[in-house]
Amino acid sequence: MKNFAQIFGNVVVNTIVAEQSYIDSLLNGDQFVEYDETNAAGIGFTYNSATKLFSPPYQPAVEP
């Protein structure tokens, strides 16, 4: 089983764990990109298709 991020535009809208054969069987299978712990993804992350890297969403610093 592998981890996949569903990309809409350049934003991760969902994550799933599935076999590659399942992703290949989907009509929208091209929206899914595999990720792992060295290039983590989560809902709200941005995906750069040129570098194939995920970036976490911006979170402003919280002042005490």
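Residues numbered from 1 in each chain as written. Predicted model: local features only at pLDDT ≥ 70, side-chain atom pairs only at ≥ 80, totals over all residues. Heavy atoms only, no water.

Chemist: Describe the nonpolar core, with residues and values.
Modeler: The nonpolar side chains of soluble globular proteins are, as a tendency, buried together. One finds Ala 5, Ile 7, Val 12, Val 33, Tyr 35, Ala 41, Phe 45, Tyr 47 and Phe 54 forming the largest nonpolar core, which totals nine residues. At the level of elements, β1 (2-8) and β3 (32-35) are the ones that each hand at least two residues to this core. Setting aside anything within four residues of it in sequence, one finds Phe 45 in contact with Asn 10, Val 11, Val 12, Ala 40, Phe 54, Ser 55, Pro 56 and Pro 57. (Core = buried A, V, L, I, M, F, W, Y, C linked by side-chain atoms within 4.5 Å. Buried < 20%, exposed > 50% of the residue type's maximum accessible area, 1.4 Å probe, protein only. Helix = DSSP H or I, 4+ residues; strand = E, 2+ residues; numbered from the N terminus. Contact = heavy atoms within 4.5 Å.)

Chemist: Describe the environment of Ala 18, with residues and values.
Modeler: The topology assignment puts Ala 18 in strand β2 (residues 11-18). Taking the relative accessible area as the measure of exposure, Ala 18 reaches 6% and is therefore buried. When near neighbours in sequence (up to four residues on either side) are disregarded, Ala 18 contacts Met 1, Lys 2, Phe 4 and Ile 23.

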